[in-house]
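# Fold and contact review
One letter stands for each residue in the lines below.
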Amino acid sequence: MVDWWRGATLYQIYPLSFCDSDGDGRGDLAGVTSRLDYIASLGVDGIWLSPFFASPMKDFGYDVSDYTAVDPSFGTLADFDVLLARAHALGLKVIIDQVWSHTSDRHAWFDASAASATNDKAGWYVWADAKADGSPPNNWQAAFGGPSWTWSPRRRQYYFHNFLAEQPDLNYWAPPVQEAILGVARFWLDRGVDGFRLDVVNYLFHDPSLADNPVNPERTAATSPSRMQTHRHDRNRPQTLEFLAKVRALVDERPGRMTVGEVVDDPALPRQIEYVAGPRRLHTAYSFHFLAARQASPDLFRAAIAAWEATDGWPSWSLGNHDAPRFATRLAGDDPRHVRVLMAALLCLPGTVFLYQGEELGLPQAKVPFERLADPFAIASFTGGAGRDGARTPMPWTNDDRSAGFSSATETWLPLDPRHRAMAVAAQDADPASMLAFTRRAVALRASEPALRLGKAEVAASADNLLIFERRLAGERRLCVFELEGQETRLAAAGALVFQVQGDERLEAGKLVLPPFGGAVIAL
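Residues numbered from 1 in each chain as written. Predicted model: local features only at pLDDT ≥ 70, side-chain atom pairs only at ≥ 80, totals over all residues. Heavy atoms only, no water.

## Concerning the packing of aromatic side chains
- Inspection of the entire model under this criterion finds 37 aromatic pairs.
- Arranged with centres 4.5 Å apart and planes meeting at 35°, the rings of F52 and F53 form a pair that is tilted. Grouping residues by exposure puts F52 and F53 together as buried.
- Ring geometry for F438 versus F499: centroids 5.8 Å apart, planes at 50°, classification tilted. Of the two residues, F438 sits in helix 14 (residues 435-448) while F499 sits in strand 18 (residues 496-500), which places them 61 residues apart along the sequence. Like F438, the residue F499 is buried in the burial classification.
- Taken together, the ring pairs in this structure connect F52, F53, F80, F187 and W188 into an aromatic cluster.
- The cationic tip of R35 hangs over the ring face of W397; the distance from NZ or CZ to the ring centre is 4.1 Å.
- The ring of W124 carries the charged tip of K121 above its face, separated from the ring centre by 4.8 Å. (Phe/Tyr/Trp six-rings, centres within 6.5 Å; stacked < 30°, edge-to-face > 60°. Buried < 20%, exposed > 50% of the residue type's maximum accessible area, 1.4 Å probe, protein only. Helix = DSSP H or I, 4+ residues; strand = E, 2+ residues; numbered from the N terminus. Lys NZ or Arg CZ within 6 Å of the ring centre and 35° of its normal.)

As structure tokens, this is what we get:
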């Protein structure tokens, strides 16, 4: 039997922004449950829930203060159980975020660790003495800006954090930490979840020598101090893979469960491949290969496919998520035709596909004024745009009230972009020409075509404006052709059209005729 997650399409939910059931302007678990029928109507195989755990919300749930408790703003464990049962009744798998590289500084573990250097949790986090002049132990730079070290007056030492100072990194060199995290995994697996999405999974271990990171040779293009160095000593350590073998063994004890890792590195693809190489690593992983891109060239897709051709590992792909500006704006310039062809290309890729909430509607990056920004990274790195908050604004369900059916509140945690209201689910649901209808057709194509879901892929040589690759499985062959530069194109082709992107693609006289941003899947 084929593992359910191979070739699956999963829908990412950012709970704060999906649906608010209690009128406080913030999404919650009961709100998610109320919309599961809609998600099932997309034809996807399951959902990925971003964090809903107890948290001070300094980084909106990615700073966990209790791994086994639901934050009251999202509801209760009972609400999660209802969500899980309803999803399973609809045939949807549920994978949940696990943020294991760091906790909140409000976590009881950190409170104990910071209290003294001699208690039983003293070594659960990464502590180091100051240099003789009082400066941090080394040059490591945090992703959100500034040094990766913050002084603790109680411990009279610095502690390490890859992100905010309120997100101290766990010390995986301490065996009790590993056991505690495996215990967290058991808790949620026993509750019935189908898998884990592991946040920045290559950040778990650090070099205990605390050696300085070297200078990034590409630093002239860097947009932050963190990117001015090569992160050789504060992430990507080989011991991470040894710990993941323990995670894999635990998950594999329960048939049908899976892990997908977020692997953040530059270059992206080699590290992504490394983390799924063999049966003792992750089941699948995704990288920022597409998420960090600013141009959706054929070469971008070709590189993704070609990198995996000689491997036995299983990739995952997404064009957008809660950490990246919406792909409709970032990659397609808000051109609806361009958005469609990119969605189709994504859903024809080998591997597992993740769709981020609102992408099925073609939502553009939202405009959020500076005074309404909530994301600490967006605020710290502000250069005029909305940053991550532009991809996190409320999901538009209707176009007939101020909050677009997201909430009964007149003020939501992030403002709704007026452009999104016109693109709401209710405005598109019954329109066969809508982006929503197109996404449903493209998801159904992937689900119904074994070669697209599970087949091998091989890139074909083509003109610069074309992305062409073939998917093959057990004698079944599908040619996937996408025009990504906005040029009408004709090319030699034969077979039968099984899918059209814009609707006016056609085969005539031995040629495939593509309109600008056209695309087709052909049965050979």
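On we go from here.
## A word on the sheet that holds strand 7 (residues 149-152)
- Taken in spatial order, the 3 strands of this open sheet run 6-8-7, and their pairing is antiparallel. Of all the strands in the sheet, just strand 6 (127-128) and strand 7 have a single pairing partner and so form its edges.
- The sheet contact formed by strand 6 and strand 8 (residues 157-160) spans 2 bridges and is antiparallel. Bridging from a neighbouring strand, W127 pairs with Y159 of strand 8. (Pairing = 2+ DSSP bridges.)

## Some thoughts on the environment of L467
- Assignment of secondary structure puts L467 in strand 15 (residues 466-473).
- Residue classification places L467 among the buried positions, given a relative accessible area of 0%.
- Excluding residues that lie within four positions of it along the chain, L467 makes contacts with P298, F301, R302, A345, C480, V481, F482 and L484. (Contact = heavy atoms within 4.5 Å.)

## Some points on the pairing of strand 8
- Because side chains alternate across strand 8, one face comprises the buried residues Q157 and Y159, and the other comprises Y158 and F160, equally buried.
- What sits between strand 7 and strand 8 in their antiparallel hairpin is a turn of 4 residues, with R156 showing a positive phi close to 55°.

## So, the packing of helix 10 (residues 336-347) against helix 14
- The interhelical angle for the contact between helix 10 and helix 14, taken along N-to-C directions, is 20°, at an axis separation of 9 Å. By the angle class used here, helix 10 and helix 14 are roughly parallel. Judged by the twist between their axes, the crossing of helix 10 over helix 14 is right-handed. Here V339, R340, M343, A344, L346 and L347 of helix 10 lie close against helix 14, whose contacting residues are M435, F438, T439, R441, A442, V443 and R446.
- Residues belonging to the contact of helix 10 with helix 14 are distributed by class as follows: 9 nonpolar, 1 polar and 3 charged. (Axes fitted to C-alpha atoms, helices over the stretch in contact; angles between N-to-C directions. Parallel < 35°, antiparallel > 145°, perpendicular 65-115°, else oblique. Left-handed = near helix turned anticlockwise from the far one by under 90°. Nonpolar A, V, L, I, M, F, W, Y, C, P; charged D, E, K, R; others polar.)

## What about a nonpolar patch on the surface?
- A cluster of nonpolar residues, F370, I379 and F382, forms a patch on the protein surface that exposes about 260 Å² of accessible area.
- Inspection of the secondary structure puts F382 in the loop between helix 11 (376-380) and helix 12 (418-421). (Patch = residues over 30% accessible without salt bridge, like charges linked within 9 Å, V, L, I, M, F, W, Y side chains within 5 Å. Areas by Shrake-Rupley, 256 points an atom, 1.4 Å probe, with all protein chains shown as cover. Salt bridge = Lys/Arg side-chain N within 4 Å of Asp/Glu carboxyl O.)

## Side note on the pairing of strand 16 (residues 476-483)
- With 6 of 8 residues buried, strand 16 is to be regarded as a mostly interior element.
- As defined by bridge partners, strand 15 adjoins strand 16 across 8 bridges and the pair is classed as antiparallel. Across the sheet, the residue bridging to I468 is V481, located in strand 16.
- Counting the residues that bridge the hairpin from strand 15 to strand 16 gives 2 residues, and of these A474 lies at a positive phi of roughly 50°.
- Where strand 16 meets strand 21 (residues 519-523), 5 bridges bridge the pair, whose relative direction is antiparallel. Pairing of R478 across the sheet is with A523, part of strand 21.

## Points about unusual backbone geometry
- Residue P267 is bonded to the preceding D266 through a cis peptide linkage, with omega at 5°.
- Tracing the sequence through the fold places P267 in the loop between strand 10 (258-262) and helix 7 (268-274).
- Positive phi outside glycine occurs at F60, with the angle close to 50°.
- Within the secondary structure, F60 is located in the loop between strand 3 (53-54) and strand 4 (66-70).
- Since its relative accessible area comes to 10%, F60 is described here as buried.

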